[in-house]
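Chain by chain, the residues:
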Amino acid sequence: MTTVSEKLLTRAEETGTPGRTGPPGSTVPLLSLRGVRIADGTDGREIVHGVSFGLTPGKVVGIVGESGSGKTLTCRAALGILPPHFEVTGGSVEIEGTDITTLSPARWTALRGATISAVFQDPASYLNPSLRIGRQIAEVVRVKKGLGRREARQRVLTLLRAVHLREAELVYDQYPFELSGGMLQRVLVAAAIAAGPRILIADEATTALDVTVQAEILDLLADLRERAGLALVVVSHDLAVVARLCDEVLVMRQGEVVEQGPTRRVLDAPRHDYTRMLIREHESYGLDKFLGQPKEES
């Protein structure tokens, strides 16, 4: 009998989502969340109720759940960029063994991009529309790596080619409005990996993209994982992506982790009704929603 995870793996293979290999083997956590609780400071209401997971080099943790389940707040807590009025009220977040509450603003500035980085869903919110693409990424490289102008330009062109953007020199001099959604998302990935981070948080980074472009970006992330031991947190509504890419999955609902464990175990033998519901609805709300749509220019 074909298991749920095998069906999802088959769907991922059909759509070109990359294969998953085991992590390099280190057991020293790059990122560790222990019982993290997040509350809205305006009314004291707790939004996230005790999330825990650890990331070692090359490991991929997936977080799935409905909108408003606390996935993004959890990721932002790990990045130290919670929205105004929200705060971590319990538990701990550690990066390479250091509790982030002990980090000074200067230390946080040094860590972001160089040790931990992120790619989010909406490129337009993270790119300056009045600056050329190359200049925006070059600024990251110059600040984080201390490169000169000429070296930074070469580094950016290499990054643009690495994310499979054709005519990198042309893209370097273009403005965000001149690029398609798929191209912009690749630019965000290039910027996120520009300083060689060890941890990357991808929060619905491919959700709005054509399935072919989505698969190419996921393939890039998988390649970075394999070659550089990049540790990933992947937030996705797509269970096929989780099945194919993630070693461990957290299922969140209303701020609580209702199920957590090795991906195959969770998908093949879900223990919570909500997890079973997500699996049943996959055909309606997973990759199928992208199929049949016009392909985005990339």
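Below is a summary of the structure that appears in this document. (Residues numbered from 1 in each chain as written. Predicted model: local features only at pLDDT ≥ 70, side-chain atom pairs only at ≥ 80, totals over all residues. Heavy atoms only, no water.)

Sheet architecture is open: 4 strands sit in the order β2-β1-β4-β5, paired in antiparallel fashion. Taken across any chain shown, the strands that pair with only one partner, and hence form the sheet edges, are β2 (45–55) and β5 (98–99). Summarising the sheet, strand β1 (residues 31–40) and β2 pair through 8 bridges and their orientation is antiparallel. Its bridge partner being in β2, D40 is matched across the sheet by R45. The strands touched by helix α2 (residues 71–79) within the sheet are β1, β2 and β4 (86–95), with β1 carrying the most contacts at an inclination of about 115°. (Pairing = 2+ DSSP bridges. Helix = DSSP H or I, 4+ residues; strand = E, 2+ residues; numbered from the N terminus. Contact = heavy atoms within 4.5 Å. Axes fitted to C-alpha atoms, helices over the stretch in contact; angles between N-to-C directions.)

Time to look at the sheet that holds strand β9 (residues 248–253). Two pairing modes exist for strands in a sheet, parallel and antiparallel, and in both the strands are linked by backbone hydrogen bonds. The 6 strands lie next to each other as β6-β7-β8-β3-β9-β10, forming an open sheet whose pairing is mixed. Pairing within the sheet leaves two strands with one partner each, and these edge strands are β6 (116–119) and β10 (256–262). The mean angle between the axes of side-by-side strands here comes to 15°, regardless of whether they run parallel or antiparallel. Taken strand by strand, helix α7 (residues 181–193) contacts β6 and β7 (199–203), and its axis lies near 175° from that of β6.

Moving on, we get to the environment of C75. With respect to the helices, strands and loops of the structure, C75 is situated in helix α2. Look at C75 and you get buried, because its relative accessible area is 2%. Along the sequence, C75 and A118 sit 43 residues apart, while their C-alpha atoms lie 9.0 Å from each other. Excluding anything up to four places from it in sequence, C75 contacts I63, I201, V233 and V235. (Buried < 20%, exposed > 50% of the residue type's maximum accessible area, 1.4 Å probe, protein only.)

A word on helix α5 (residues 149–162). Look at α5: 20 Å from first C-alpha to last across 14 residues, which is about the 20 Å you get at 1.5 Å a residue. When α5 is considered as a whole, its buried residues turn out to be A152, V156, L157, L159 and L160. Summarising the axial view, the buried residues of α5 lie within an arc of 160°, below the 170-degree limit, and thus occupy one face. Among the exposed residues of α5, those pointing more than 90 degrees away from its buried face are R150 and E151. Following α5 by one or two positions, H164 has its phi on the positive side, about 65°. (Expected span 1.5 Å × (residues − 1). Arc of directions from axis to C-beta.)

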